[in-house]
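Spelled out from the first residue to the last, the chains are:
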Amino acid sequence: MSLTLLQAWQGAKARLEAAGITGPVIDARLLVEAAADATRADIVTDPYRALSPEQEARLEDYVSRRARREPVSHILGRKGFWKIMLSVTKDVLTPRPDTEVIVDEVLKAFPEGMAFQMLDLGVGSGAILLSVLAERPAAKGLGIDISEDALAVARDNAANLGLARQVALLRGDWTAGLGDASFDLVVSNPPYIATKVIETLDPEVRDHEPRLALDGGPDGLDAYRLLAPEILRVLKPGGVFAVEIGYDQKDAVEALFRDAGAAEVRTVLDLGNRDRVVTGVKNPLEIRP
């Protein structure tokens, strides 16, 4: 006898819960929706709709993979972020709600209709860059990543969202080769996890996320030591920066940016009330030699 949508959801939820998955209710629903070509509304309004044999087989594959701790974003190949849907692969970090804090801060600083030049260092899937540009059509953005595989994902996302004309994507080593005072806005979600901590992370992150995007060196601060002065170099006077940080890195990262000459440095909390984004400006009164 075929599974119904309700039975499929309940069964998937029970299996994921038994496997120790955090958030099994949501994960099970997402997997059922994808496997059965259904919507959330379908599960509520048509709970006894039967799955086809092909849909049951697909669901079995999805749930088995999730029970082995493969992220839902990798199983489905997509992840929602801010107001957009992104393609996601093993070559990029899965976009997380905490990172949306950067987008929120940027949109407050750059009103709709304003033209500006944006730089995203370590662009990955393009989550931050594309979320901002989708809401600021007069802006242009450059995304840089050292991974050509990550850039391929970002290019696909830019094309799928109709943003290719606003975006340039280049392989590079952070700010190498970029001119002084070139951008109104610089954002980054760099690797910030201390090397020794990575092995203690959940398997979804430890075993499936690109290590290059996680490892911030012995104390997690290697990228910020390099980026703080370089971000200030490429920013125009009065330009804004916003970088994601680990929950316990506020004081160290703020100090690095202040030492590099940043003004108005402050830290913004995420929805869990944890320190998440350090932001500030390049002194608009800076006198260059």
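Residues numbered from 1 in each chain as written. Predicted model: local features only at pLDDT ≥ 70, side-chain atom pairs only at ≥ 80, totals over all residues. Heavy atoms only, no water.

Caption draft 1: Just the pairing of strand S3 (residues 117-121), in detail. Burial analysis of S3 places four of its five residues in the buried class, the great majority of the element. The pairing of S3 with strand S4 (residues 140-145) spans five bridges and is classified as parallel. In the sheet register, Leu 121 faces S4, and the bridge partner there is Ile 144. Note that S3 and strand S6 (residues 183-188) share four bridges and pair parallel. Residue pairing across strands places Met 118 opposite Leu 185, the latter belonging to S6. (Buried < 20%, exposed > 50% of the residue type's maximum accessible area, 1.4 Å probe, protein only. Helix = DSSP H or I, 4+ residues; strand = E, 2+ residues; numbered from the N terminus. Pairing = 2+ DSSP bridges.)

Caption draft 2: Here's a closer look at helix H2 (residues 24-36). Taking 1.5 Å per residue, 13 residues should reach 18 Å; H2 reaches 18 Å between its end C-alpha atoms and fits that length. In terms of burial, H2 is largely enclosed, as 10 of its 13 residues are buried. Next to the buried residues of H2 lie helix H1 (5-18), helix H3 (40-45), helix H4 (53-67), helix H5 (72-76) and strand S1 (78-81). One or two steps after H2, the chain reaches Asp 37, where phi turns positive at roughly 50 degrees. (Expected span 1.5 Å × (residues − 1). Contact = heavy atoms within 4.5 Å.)

Caption draft 3: Just the sheet that holds strand S5 (residues 167-171), in detail. Across the sheet, seven strands lie side by side as S5-S4-S3-S6-S7-S9-S8; this open sheet has mixed pairing. A strand with exactly one partner marks an edge of an open sheet, and here the two such strands are S5 and strand S8 (262-269). For this sheet the average axis-to-axis angle between neighbouring strands, irrespective of direction, equals 15 degrees. Taken strand by strand, helix H8 (residues 148-160) contacts S4 and S5, and its axis lies near 170 degrees from that of S5. The strands touched by helix H12 (residues 250-259) within the sheet are strand S7 (235-244), S8 and strand S9 (275-282), with S8 carrying the most contacts at an inclination of about 160 degrees. (Axes fitted to C-alpha atoms, helices over the stretch in contact; angles between N-to-C directions.)

Caption draft 4: Region of the structure containing H8. If you check H8, its first and last C-alpha atoms are 18 Å apart, about what 13 residues at 1.5 Å a residue would give, namely 18 Å. Along H8, the residues that are buried comprise Ala 150, Leu 151, Val 153, Ala 154, Asn 157 and Ala 158. Looking straight down H8, one finds its buried side chains confined to an arc of 155 degrees; they lie on one side. Contact partners of the buried residues in H8: strand S2 (84-87), helix H7 (127-135), S4 and S5. For H8, the side-chain oxygen to backbone nitrogen distance between the N-cap and Asp 149 is 3.3 Å, and the N-cap itself is Ser 147. Gly 162 sits one or two residues past H8 and shows a positive phi near 70 degrees. (Arc of directions from axis to C-beta. Polar contact = N/O pair within 3.5 Å; in protein donor to acceptor, adjacent residues only side chain to side chain.)

Caption draft 5: How the structure looks around unusual backbone geometry. Notably, Asp 37 is not glycine yet its phi reads approximately 50 degrees, a positive angle. Mapped onto the elements, Asp 37 comes out in the loop between H2 and H3. A residue is classified by how much of its surface remains accessible, and Asp 37, at 56% relative accessible area, is exposed. At Trp 82, a residue that is not glycine, the phi angle is positive and equals roughly 55 degrees.

Caption draft 6: Examining the nonpolar core more closely. Residues Met 118, Leu 185 and Val 187 are the most contacted members of the largest nonpolar core, which totals 32 residues. Among the secondary structure elements, those contributing two or more residues to this core are S2, helix H6 (100-109), H7, H8, S5, S6, S7 and S9. A total of six residues in this core trace back to one element, the largest contributor, which is H7. Here Val 187 is in contact with Ile 102, Val 106, Met 118, Leu 119, Asp 120, Leu 121, Ile 128 and Ala 242, once residues within four sequence places are set aside. (Core = buried A, V, L, I, M, F, W, Y, C linked by side-chain atoms within 4.5 Å.)

Caption draft 7: Representation of the pattern of salt bridges in the model. Enumeration over the complete set of coordinates arrives at 31 salt bridges. For Asp 27, the salt bridge goes to Arg 66, with nearest N and O atoms at 2.8 Å. Here Asp 27, found in helix H2, pairs with Arg 66, found in helix H4; they are 39 residues apart in sequence, far enough to count as distant. Between Asp 61 and Arg 65 there is a salt bridge, and its shortest N-O distance comes to 3.4 Å. Of this pair, Asp 61 and Arg 65 both sit in helix H4, separated by four residues, roughly a single helical turn. Judged by relative accessible area, which is 36%, Asp 61 ranks as partly exposed. One connected set of salt bridges, linked through shared partners, spans Asp 98, Glu 244, Asp 270, Arg 274 and Arg 276. (Salt bridge = Lys/Arg side-chain N within 4 Å of Asp/Glu carboxyl O.)

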